[in-house]
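Now for the letters of each chain:
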Amino acid sequence: RILSVSFEHARKYHYIETNTARDTITKFGKANKTPAPYTVQQVSLLMTLATGTSWEIIIALGGLYGLRISEILGLRWRNVNLGDSSFGVVEQLPFKLSSSTTLLDQMAPVKSGERILPITAVMQPLFERQRQLQAQQRTLLKESGSPYFENDLVVSKSDGAPLIRENISAGFGQFLRHNNMPHIRFHDLRHSAATNIHELTGDFYTVSQILGHSLKGVGIQLNMQGGMESVTERYVSVRLDRKREVLTLYHNAVFGAKD
C-alpha cells in the first residue's frame, strides 16, 4: 500500500508511466472476490422478474443507467422532465438517514458530479407508470385519513417517505435468492451497466459521462489501464443525443434479449 501511494505520486508527476503496484492484492479472505457483472441476458431476465413489482424502477435505474443506490433514492420528480424525456442526477439521499425519517429537510450533493441523462423510449412508460402509481397511493391514503409525505421522490415508500439504503441492499439480495439469480451486490448493477454499454458500443467516454465518472475511474472499473488523464483532456462534454443513442442501444438489447 505504501509503494502504491508512492508510485501514484510519481505517476502524477510523470516520473513513471504507470503505477505497477495498483493491482497488487492487499486484502485476503472469503470476501476478496467481486461478483462478475451481469450480462445483457441476465439484466434482461432480472428486469422480467422485477416487472410489476416495487423493484422494477429501482433495478432499472441501477442496471440500465448505472445509478448508485443513494442517487436512485434521492431522485426527485422536479428533476425529471417527461416532456423532454430526460432527468437530472443532481442530488442524492443523505447518508446515515434514520429509518424513522418521513420528511427530508435537504438532499446531499451527488458524489461524482451532476449529469443529465435521457429517458429512452422503453423507459418512458416505466417512469409514467411510477408517477401514476404514486398518485394513486397519495389519493388512497388521503381519502383514508392517513398522512402522505410530500418529498417529491421518484422512488419512495407507499406513503411518500424515503426508503433506506441499507434496506434496499438487503432486500435486493433476498430478491435474487428467491428468484434463483446469481449473487451480486446492488452496486454491481452499476458495474453491469458500465460493462454492457461499453461492450455494445465501445464508446468509453460516453460510458464515463453516463456514470458520472472520470475516464480514469471507469477505466479502473472496466480493468483498463494507462493514459486516462491524457484521453480526458481531449474531450469537453458528451451531448445528450449521444447519451440517448448509447443508452437506447443498451436498453433495446436488454428488453429484446433472449434467454
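Structure: above.
Quick caveat: nothing in here was measured; it's all calculated off a predicted structure. The written sequence of each chain sets the order in which its residues are numbered from 1. Totals for whole chains, interfaces and linings use all residues, but because this is a predicted model, local features are given only for residues with pLDDT of at least 70 and pairs of side-chain atoms are given and counted only at 80 or more. The side-chain numbers reported here are obtained from all heavy atoms of the structure, hydrogens and water having been left aside.

Quick word on the sheet that holds strand β1 (residues 80-81)
At least two DSSP bridges between two strands are needed for those strands to be called paired. Secondary structure counts use DSSP, requiring at least four H or I residues in a row for a helix and at least two E residues in a row for a strand, with both numbered from the N terminus. Taken in spatial order, the three strands of this open sheet run β1-β2-β5, and their pairing is antiparallel. The two strands at the open ends of the sheet, each matched to only one other strand, are β1 and β5 (115-118). Pairing between β1 and strand β2 (residues 86-89): two bridges, direction antiparallel. Looking across to β2, one finds that Val80 is bridged to Phe87. Note on contacts: a residue pair qualifies if any of its non-hydrogen atoms lie within 4.5 Å across the two residues. All axes are obtained by fitting lines to C-alpha atoms, using only the stretch in contact for helices, and the reported angles, taken between N-to-C directions, cover 0 to 180 degrees. On top of the sheet, helix α11 (residues 240-256) reaches β2 and β5; it is set at about 50 degrees to β5, its chief contact.

Here we look at the packing of helix α2 (residues 40-50) against helix α7 (residues 188-201)
One can describe the packing of α2 onto α7 by two numbers: an axis separation of 10 Å at closest approach and a directional angle of 130 degrees. Here α2 is positioned oblique relative to α7, judged by the angle of their axes. As α2 packs across α7, the resulting crossing turns out to be left-handed. Packed against α2, whose contacting residues are Val40, Val43 and Leu46, the element α7 presents Leu189, Ser192, Asn196 and Leu200 at the interface. Here the contact of α2 with α7 is built from residues that sort into five nonpolar, two polar and no charged. By the definition adopted for this analysis, an angle is roughly parallel if under 35 degrees, roughly antiparallel if over 145, roughly perpendicular if from 65 to 115, and oblique otherwise. Crossing chirality is assigned from the near helix's rotation relative to the far helix, an anticlockwise turn below a right angle marking it left-handed and a clockwise turn marking it right-handed. Classes in brief: Ala, Val, Leu, Ile, Met, Phe, Trp, Tyr, Cys and Pro nonpolar; Asp, Glu, Lys and Arg charged; the others, Gly included, polar.

Concerning the pairing of β2
Both faces of the sheet carry side chains from a regular strand, because those side chains alternate between them. Exposure categories follow from relative accessible area, calculated using a 1.4 Å probe and restricted to protein chains: below 20% of the type maximum is buried, above 50% is exposed, and the middle band is partly exposed. Side chains Ser86 and Gly88 project from β2 onto one buried face, and the interleaved Phe87 and Val89 project onto a second face that is buried too. The antiparallel hairpin formed by β1 and β2 contains four residues in its connecting segment, where Ser85 sits at a positive phi of about 55 degrees. Where β2 lies against β5, four bridges are found, and the strand directions are antiparallel. Each bridged residue has a counterpart across the sheet, and for Ser86 the counterpart in β5 is Pro118.

Quick notes on the environment of Ala108
Tracing the backbone through its elements, the reader meets Ala108 in strand β4 (residues 108-109). Given a relative accessible area of 17%, Ala108 falls into the buried group. Taking the C-alpha atoms as reference points, Ala108 and Gly74, 34 residues apart in sequence, are found 8.5 Å from one another. Once you skip the residues sitting within four places of it in the chain, Ala108 turns out to touch Glu91, Gln92, Leu93 and Pro94.

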